[in-house]
Amino acid sequence: MTIERTLFTADHEAFRDSFRRFMDKEIAPFHDDWEEQGYVDRAVWSKAGENGFLCMALPDTYGGAGADLLYSVIQFEELWARGFTGIGFGLHNEIVAPYILRYGTEAQKQHYLPKLASGEMVGAIAMSEPGAGSDLQAVKTSAIRQADGSYLLNGSKTFITNGWHADLVIVVAKTDPAAGAKGTSLFLVERGMPGFEKGKRLKKLGLKAQDTSELFFNDVRLPAEALLGDINRGFVCLMEQLPWERLQIAISAVAASQAAIDHTVAYVKERKVFGQPVGNYQNTRYTLAELQTEVQVAQVFVDKCIELLMAEKLDTATASMAKYWTSDLQCKVMDECVQLHGGYGFMWEYPITRAYADARVQRIYGGTNEIMKEVITRAMGLGGR
Ligand SMILES: Cc1cc2nc3c(=O)[nH]c(=O)nc-3n(C[C@H](O)[C@H](O)[C@H](O)COP(=O)(O)OP(=O)(O)OC[C@H]3O[C@@H](n4cnc5c(N)ncnc54)[C@H](O)[C@@H]3O)c2cc1C
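Remember, predicted model here, so these are calculated numbers, not experimental data.

## Some thoughts on the domain arrangement of the protein
- When cut into domains, the protein gives domain 1 (10-121), domain 2 (124-232) and domain 3 (236-379).
- When each unit is reduced to the centre of its C-alpha atoms, the spacing between domain 1 and domain 3 is 23 Å.
- At the interface, 19 residues of domain 1 touch 22 residues of domain 3.
- Taken together, both faces of the contact between domain 1 and domain 3 bury some 1,800 Å²; the carbon and sulfur share is 63%.

## Quick notes on the pairing of strand E5 (residues 184-190)
- Along E5, 6 of the 7 residues are buried, which leaves the element largely enclosed by surrounding structure.
- As paired elements, E5 and strand E8 (residues 227-228) share 2 bridges and run antiparallel to each other. Following the sheet pairing, Leu-186 is matched in E8 by Leu-228.

## Quick look at the packing of helix H9 (residues 282-310) against helix H10 (residues 316-341)
- H10 packs onto H9 with a crossing angle of 160° between their chain directions and a minimal axis gap of 10 Å. Comparing the axis directions of H9 and H10 gives the class roughly antiparallel. H9 and H10 meet at a crossing whose hand is left-handed. Facing Asn-283, Thr-284, Thr-287, Leu-288, Leu-291, Glu-294, Val-295, Val-297, Ala-298, Phe-301, Val-302 and Cys-305 of H9, the residues of H10 in contact are Thr-318, Met-321, Ala-322, Trp-325, Thr-326, Leu-329, Lys-332, Val-333, Glu-336, Cys-337 and Leu-340.
- For the contact of H9 with H10, a count of residues per class yields 15 nonpolar, 5 polar and 3 charged.

## Details of helix H6 (residues 106-118)
- Look at H6: 18 Å from first C-alpha to last across 13 residues, which is about the 18 Å you get at 1.5 Å a residue.
- Considering bend angle alone, the principal kink of H6 is centred on Tyr-112 and spans about 25°; proline Pro-114 follows within four residues of it.
- Buried-residue contacts for H6 involve helix H3 (43-50), helix H5 (89-103), strand E1 (123-126), strand E4 (168-174), E5 and E8.
- Just beyond H6, the residue with positive phi is Gly-119, at close to 90°.

## Some thoughts on a nonpolar patch on the surface
- A cluster of nonpolar side chains, Tyr-344, Phe-346 and Met-347, forms an exposed patch at the surface whose accessible area comes to about 340 Å².
- Take Met-347: it is sitting in the loop between H10 and helix H11 (351-359).
- Residue class for Met-347 comes out partly exposed when judged on its relative accessible area of 38%.

## Overview of the side chain of Arg-246
- With respect to the helices and strands, Arg-246 occurs in helix H8 (residues 242-270).
- Summary of buried charges: Arg-246 has no salt-bridge partner, and the nearest side chain of opposite charge, Glu-245, is 6.7 Å away.
- Within the structure, Arg-246 has its side chain in polar contact with the side chain of Ser-320 (distance 3.4 Å).
- Ignoring sequence-local partners within four residues, the contact set of Arg-246 consists of Thr-316, Ala-319, Ser-320, Lys-323, Gly-366, Gly-367, Met-372 and Val-375.

## Section: helix H1 (residues 10-27)
- Over its 18 residues, H1 extends 25 Å from the first C-alpha to the last, a length consistent with the 26 Å expected when each residue adds 1.5 Å.
- Buried residues in H1 make contact with helix H2 (31-37), H3, helix H4 (70-82) and H5.

## Some words on the packing of aromatic side chains
- Counted under the stated rule, the structure contains 15 aromatic pairs.
- Residues Phe-15 and Tyr-71 carry aromatic rings whose centres are separated by 5.1 Å and whose planes lie at 85° to one another, so their mutual orientation is edge-to-face. Here Tyr-71 lies in helix H4 and Phe-15 lies in helix H1, a separation of 56 residues in the sequence.
- The buried category is assigned to Phe-15, whose relative accessible area is 12%.
- Considering the side-chain rings of Tyr-39 and Trp-164, the 4.5 Å spacing of their centres and the 50° angle between planes classify their relative orientation as tilted. A residue pair is termed long-range when its members are at least 10 positions apart, and Tyr-39 in the loop between H2 and H3 and Trp-164 in the loop between strand E3 (151-161) and E4 qualify at 125 residues.
- Across from the ring centre of Trp-164, 4.3 Å away, lies the NZ or CZ of Arg-201, which sits over that ring.
- Over the aromatic face of Trp-348 sits the side chain of Lys-208, whose NZ or CZ is 5.6 Å from the ring centroid.

## Quick word on unusual backbone geometry
- Although it is not a glycine, Asn-232 adopts a positive phi angle of roughly 65°.
- With respect to the secondary-structure elements, Asn-232 resides in the loop between E8 and helix H7 (234-240).
- Residue Asn-232 is classed as partly exposed on the basis of its relative accessible area of 27%.
- Its identity is not glycine, yet Glu-312 carries a phi of approximately 55°, on the positive side.
- Position of Glu-312 relative to the elements: it lies in the loop between H9 and H10.
- Of the residues examined, Glu-312 reaches a relative accessible area of 74% and is grouped as exposed.

Parameters and conventions
- Residues numbered from 1 in each chain as written.
- Predicted model: local features only at pLDDT ≥ 70, side-chain atom pairs only at ≥ 80, totals over all residues.
- Heavy atoms only, no water.
- Domains from an automatic or database assignment.
- Contact = heavy atoms within 4.5 Å.
- Buried area = accessible area lost by both parts, 1.4 Å probe.
- Buried < 20%, exposed > 50% of the residue type's maximum accessible area, 1.4 Å probe, protein only.
- Helix = DSSP H or I, 4+ residues; strand = E, 2+ residues; numbered from the N terminus.
- Pairing = 2+ DSSP bridges.
- Axes fitted to C-alpha atoms, helices over the stretch in contact; angles between N-to-C directions.
- Parallel < 35°, antiparallel > 145°, perpendicular 65-115°, else oblique.
- Left-handed = near helix turned anticlockwise from the far one by under 90°.
- Nonpolar A, V, L, I, M, F, W, Y, C, P; charged D, E, K, R; others polar.
- Expected span 1.5 Å × (residues − 1).
- Bend = angle between axes of the 7 residues up to and from the residue.
- Patch = residues over 30% accessible without salt bridge, like charges linked within 9 Å, V, L, I, M, F, W, Y side chains within 5 Å.
- Areas by Shrake-Rupley, 256 points an atom, 1.4 Å probe, with all protein chains shown as cover.
- Salt bridge = Lys/Arg side-chain N within 4 Å of Asp/Glu carboxyl O.
- Lys, Arg positive; Asp, Glu negative; His and termini not counted.
- Polar contact = N/O pair within 3.5 Å; in protein donor to acceptor, adjacent residues only side chain to side chain.
- Phe/Tyr/Trp six-rings, centres within 6.5 Å; stacked < 30°, edge-to-face > 60°.
- Lys NZ or Arg CZ within 6 Å of the ring centre and 35° of its normal.

Structure representation (structure tokens):
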């Protein structure tokens with residue numbers, strides 16, 4: 001019934017199998033406890049590094065495997081299908097490392113990339129602030145150049161994924177506060193630098209095992225070499241990376257949605273009400289038929305976007321379509337599937353309940369779905385901001 005996916009080779013599928021075995025051994029037995037404590041154990045990062053599951057796409061000179069992006073696609077799919085949403089490998093592998101690879105100096109690459117690939121360092125990216133999320137031009141954190149060429153970093157960030165474990169944070173700061181977006185730069189900030197403090201880990205509706213933190217910078221003195229990319233070009237770097245970052249959310253949204261449908265089909269076959277399985281009722285069957293149709297359509301669209309991305313042809317507006325439409329769909333699928341589970345769908349021990357809670361943020365982070373529509377309409381030549 002499903003349309004065969006044509007993206008993956010036998011090597012990709014072998015990687016999928018080995019990553020599944022890794023999840024069974026190193027994540028599944030612990031994820032519930034990690035949800036309780038609010039963060040994953042640091043050891044899972046080192047184990048992932050040892051087993052070649054970090055930064056696979058980096059060239060081997062920097063500790064990676066020179067793998068194509070499909071290996072990361074597989075990781076996103078598998079983690080979200082299993083509900084292991086505490087694991088922040090995706091952001092580390094496919095946002096932090098690529099920024100350094102693309103914009104870093106040779107010295108920065110040699111210093112940081114092998115450590116990210118081995119799991120010795122955990123990476124994070126800090127854009128959002130209490131007063132600046134969608135509107136990143138409003139960032140207040142500043143890094144002011146000093147007479148000796150160093151920078152003085154001041155400000156605070158919030159909602160930072162991997163923030164509490166992070167050893168290395170790419171911080172977005174104003175280097176020319178009067179110049180708006182054109183005065184924004186990126187900095188590599190390391191754990192332990194005087195003045196860099198972690199705030200509290202934030203309690204969340206979902207992604208409960210994901211450490212999401214506040215970060216504070218009080219007169220952190222950054223050497224000139226901490227600048228990532230060209231001065232005042234930070235916003236351009238952020239914009240260039242958007243298609244892949246948004247597609248990552250779409251990939252996980254489709255995988256989580258398909259897994260939810262699969263759980264629900266199994267559940268409604270078993271659960272009997274008024275003497276027959278819930279799956280026999282027309283409402284159940286039609287609801288699942290509609291959801292399965294939409295998820296199939298989404299999968300084909302997302303696979304096409306992946307293909308375009310790999311050919312360097314995916315534009316930001318199309319990636320924004322994928323992000324907004326699939327994350328809206330994910331929330332709809334979870335809501336309908338919870339309903340078909342009845343009261344059990346409200347119990348934390350059921351995967352559908354966690355999947356429902358985890359889905360909600362997908363419409364918010366990575367640029368809210370309203371911002372996605374702004375991007376799409378701008379590409380259509382429609383005004384507004
Ligand atoms: C779990 C989690 C993890 C995150 N991880 C990170 C991370 O690792 N690094 C990081 O930097 N950030 C991270 N974020 C922050 C995230 O990217 C922001 O929350 C998001 O961009 C929205 O910004 P905001 O929260 O300030 O909402 P706001 O910008 O205050 O938006 C509030 C509402 O206004 C709407 N809105 C805003 N502007 C417009 C407009 N122009 N037109 C119409 N509607 C508009 C929004 O769509 C939204 O509905 C994370 C957030 C969460 C919840």
